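# Commentary on secondary and tertiary structure
The residues making up each chain are set out below.
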Amino acid sequence: MKRLLDKFQAVEQLRSGLNLEGEDPTGVVFDSINSATEGVVSGRTTVLAGTNNYLGLTFDPACIEAGIQALNTRGTGTTGSRMANGSYALHGALESDLADFFQCPHAMVFSTGYTANLGVLTALLGKDDVVLLDSDAHASLFDGCRMSGADIYRFKHNDVQSLERRLERLKDRAGRCLVVVEGMYSVLGDCAPLKEIVALKDRFGARLLVDEAHSLGVFGERGCGVAEALGVLPAVDFVVGTFSKSLGAMGGFCVSHHDVLGLFRYVSRPFMFTASPSPSVAATTREALRQLRTRPELKETLWSNANRLYFALRDLGFELGPEISPVIAVRCKDRETALSDWNKLLNAGVYVNMMLPPATPGGASFLRCSVSAAHTTAQIDTIIKKFAGLRG
Amino acid sequence: MNQETEKTSTRLAAILTDYLANNWTESSPGKRTITATTNMVTELQLDSFQVMEFMLEVEDHFDVAIDLESLANVQTITDLANVVIAARNDG
């Protein structure tokens, strides 16, 4: 007879396989963090190239000062949800900032990026609704769709024809359909063909949600993301995103030109039953957004660093993702090579992410770098040199 | 097994054989014969994600829409054939 805890045997087997080559990539401990791009691991100074800290704002003096001020004047936490315990003025101010930034009338803030996606999708979708989800979409989008009770159909990653065929099959249900994609995808750093997707959703009368978690602050003249960069932001029905990457904090958001967003708080359980963002987080996020808007040089440096690393790794003969972006994924021959190379890099003082199947496109294994505006040229060159060492 | 299920299972087995030959090179099971009774989970050791990826091919081949919930209890090729047939009849 199977018992409740038996299922963890498979988990333990999986876990024990992760540290056969040395460190367990899922259990890295940073003894200290020296800056946005440098930490100490096992007593070794390490270049951080796997943090999603795209604009490098986690140590920005103005952001830190904003956080300290909020701690001093508003305390450490809100101790409850906004529906039951009230909102702080900072929450509303952050929502106003976001609405202004995206040039949308409505914005809503969540406590994490994960709950933003859960909260928005479960509010938007219900039984008898339909969702068409890109096959490489993030787990939070997938989980939100599952929780909503809607019928879920996946389409091939970034494949407009695959999406079109599925919209056609829906026939008169297309009007109840939400298409869900990401701006830039987090594993390979490739972008959604949003112009074509917008044209399709308009043709079939569907709605579109775009997750700009990894593209906020990275793409678009204002830094709103891929939809802005491709000139279709006003046509996107719902934009979701996170504060935990370019904005160096924690939390998530949704902006929309649809008035119904103002009603989500009454139906979105992940919003209703989660404590609201702490004052210091709301304050540092507001300041980081101000930095993003007023310092375009951050984005320029980020892209300069991304280009430098991408072309150097390509010239070394590594197989990379299809597009140049601040996410640079190096494809490995197999899982064992990925584990071994990841350990070699860490021992050489470079931290990157390891991405293993099944949570990867095509079931492949990758070493994933995320570039930051705060990386110095010398740090980028160190990353290149250590990757070159894998070839030796 | 009725004739429609048998025919659909045979087709699915061929599609899966081709699919595994061209995808998941890192984790695919070795070359083996796939039949109507092959269990995709226990015999081929496909995880739920791999089954979902394969479904994209199946949907396009049969021109049907199969929602993810329908796959919850699918284990064998015949199970999958029945889901395809049900989706075809719904459409």
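Since we're looking at a predicted model, the values are computed, not measured.

Let's shift gears to the overall build of chain B. The helix and strand tally for chain B stands at three helices and zero strands. Its C-alpha atoms give chain B a radius of gyration of 12 Å, near enough to 12 Å, the size a compact globule of 91 residues would have. Its C-alpha atoms put chain B at 35 × 25 × 20 Å along the principal axes. The 91 residues of chain B split such that 47% are buried. Just so you have it, chain B exposes about 4,800 Å², and 45% of that area is on carbon and sulfur atoms. Here chain B contributes 5 positive and 15 negative side-chain charges, whose respective centroids are spaced 11 Å apart.

Our focus in this paragraph is the sheet that holds strand E14 (residues 365–370) of chain A. Residue and element names in this part refer to chain A. The strand order E11-E14-E13 describes an open sheet built from three strands, whose pairing is antiparallel. Each of the sheet's edge strands pairs with one partner strand only, and the pair in question is strand E11 (327–332) and strand E13 (353–355). Between one strand axis and the next, the sheet turns through 25 degrees on average, direction left out of account. As paired strands, E13 and E14 are joined by three bridges and run antiparallel to one another. Looking at the pairing, asparagine 353 lines up with arginine 368 of E14.

All names here are of chain A. Counting buried residues in strand E7 (residues 177–182) gives six out of six residues, a clear majority hidden from the surface. Side chains of E7 alternate between two faces, with Cys177, Val179 and Val181 and Leu178, Val180 and Glu182 buried alike. Pairing of strand E5 (residues 130–134) with E7 involves four bridges; the strand directions are parallel. Residue valine 130 lies in a different strand from E7, and its bridge partner there is cysteine 177.

It is worth spelling out the sheet that holds strand E12 (residues 350–351) of chain A at this point. All names here are of chain A. The four strands lie next to each other as E1-E2-E3-E12, forming an open sheet whose pairing is mixed. For this open sheet the edge positions go to strand E1 (32–35) and E12, each flanked by a neighbour on one side alone. Two strands pair when backbone bridges link them, and strand E3 (residues 44–48) and E12 are joined in this way by two bridges, in the parallel orientation. Across the sheet, the residue bridging to leucine 48 is tyrosine 351, located in E12.

Between side chains of opposite charge, a pair can form when the charged atoms approach closely. According to the stated counting rule, one finds 29 salt bridges over all chains in the structure shown. In this structure, the salt-bridge partner of aspartate 60 of chain B is lysine 156 of chain A, at a minimum N-O distance of 3.7 Å. With aspartate 60 of chain B in helix H2 (residues 48–62) and lysine 156 of chain A in the loop between strand E6 (151–155) and helix H7 (160–170), the pair connects residues from two separate chains. Under the relative-accessibility criterion, lysine 156 of chain A is labelled partly exposed at 21%. Taken together, the shared-partner salt bridges in this structure form one network comprising Lys156, Arg165, Arg166 and Arg169 of chain A together with Glu57, Glu59, Asp60 and Asp63 of chain B.

Bringing the interface of chain A and chain B into the picture now. Opposite the 23 residues of chain A that make contact, chain B presents 18 residues. In this assembly, chain A packs against chain B so that about 1,800 Å² is buried in total across both faces, 48% of it on carbon and sulfur atoms. Looking at the side of chain A facing chain B, the largest losses of area belong to Tyr153, Arg154 and Arg169 of chain A, adding up to 34% of the total buried there. The interface formed by chain A and chain B holds eight salt bridges in total.

Membership of the largest hydrophobic core comes to 95 residues, with the highest contact counts inside it found for Leu98, Phe102, Val179, Leu367 and Phe387 of chain A. In contact with phenylalanine 102 of chain A, not counting residues within four places along its chain, are Leu216, Arg222, Cys224, Leu233, Val239, Phe253 and Val255 of chain A. With 51 residues, the next largest nonpolar core counts Leu20, Val64, Leu71 and Val74 of chain B among its residues.

Another aspect to go through is the confidence of the model for chain B. This prediction gives chain B a mean pLDDT of 85; 90% of its residues lie at or above 70. Mean pLDDT in chain B bottoms out at H2 of chain B, which sits at 88, and peaks at helix H3 (residues 77–90) of chain B, which reaches 92.

Residues and elements named next belong to chain B. Two numbers describe how helix H1 (residues 3–22) lies on H2: the axes approach to 11 Å, and their chain directions differ by 130 degrees. Between H1 and H2, the angle falls in the class oblique. In this structure, H1 meets H2 at a crossing whose hand is right-handed. Of the residues in H2, those touching H1 at Thr8, Arg11, Leu12, Ile15, Leu16 and Tyr19 are Glu53, Phe54, Glu57, Val58, His61 and Phe62.

Our focus in this paragraph is the packing of aromatic side chains. Residues and elements named next belong to chain A. The tally for this structure, following the rule as stated, stands at 10 aromatic pairs over all chains. Here phenylalanine 110 and phenylalanine 271 contribute two aromatic rings whose centre-to-centre distance is 5.7 Å and whose plane-to-plane angle is 80 degrees, an arrangement assigned as edge-to-face. Of this pair, phenylalanine 110 sits in strand E4 (residues 106–110) while phenylalanine 271 is found in helix H10 (residues 269–272), placing the two residues 161 residues apart along the sequence. Consider the rings of tyrosine 310 and phenylalanine 311, whose centres lie 5.7 Å apart with planes at 85 degrees: the pair is edge-to-face. Residue tyrosine 310 is classed as buried on the basis of its relative accessible area, which comes to 9%. Across the ring face of phenylalanine 318, the terminal group of arginine 391 is positioned such that the distance to the ring centre comes to 4.2 Å.

Another point: the pairing of strand E8 (residues 207–211) of chain A. Residues and elements named next belong to chain A. With four of its five residues buried, E8 lies for the most part within the structure. In the sheet, E7 pairs with E8 via five bridges, with the strands oriented parallel. Paired with leucine 178 across the two strands is arginine 207, which belongs to E8. One ladder, built from three bridges, connects E8 with strand E9 (residues 238–242); its direction is parallel. Bridged to leucine 209 within E9 is phenylalanine 238.

Cut-offs and rules
- Residues numbered from 1 in each chain as written.
- Chains lettered and ligands numbered in written order.
- Predicted model: local features only at pLDDT ≥ 70, side-chain atom pairs only at ≥ 80, totals over all residues.
- Heavy atoms only, no water.
- Helix = DSSP H or I, 4+ residues; strand = E, 2+ residues; numbered from the N terminus.
- Rg over C-alpha atoms; globule rule 2.2 N^0.38 Å.
- Buried < 20%, exposed > 50% of the residue type's maximum accessible area, 1.4 Å probe, protein only.
- Areas by Shrake-Rupley, 256 points an atom, 1.4 Å probe, with all protein chains shown as cover.
- Lys, Arg positive; Asp, Glu negative; His and termini not counted.
- Charge placed at Lys NZ, Arg CZ, Asp CG, Glu CD.
- Pairing = 2+ DSSP bridges.
- Axes fitted to C-alpha atoms, helices over the stretch in contact; angles between N-to-C directions.
- Salt bridge = Lys/Arg side-chain N within 4 Å of Asp/Glu carboxyl O.
- Contact = heavy atoms within 4.5 Å.
- Buried area = accessible area lost by both parts, 1.4 Å probe.
- Core = buried A, V, L, I, M, F, W, Y, C linked by side-chain atoms within 4.5 Å.
- pLDDT = per-residue confidence, 0-100.
- Parallel < 35°, antiparallel > 145°, perpendicular 65-115°, else oblique.
- Left-handed = near helix turned anticlockwise from the far one by under 90°.
- Phe/Tyr/Trp six-rings, centres within 6.5 Å; stacked < 30°, edge-to-face > 60°.
- Lys NZ or Arg CZ within 6 Å of the ring centre and 35° of its normal.

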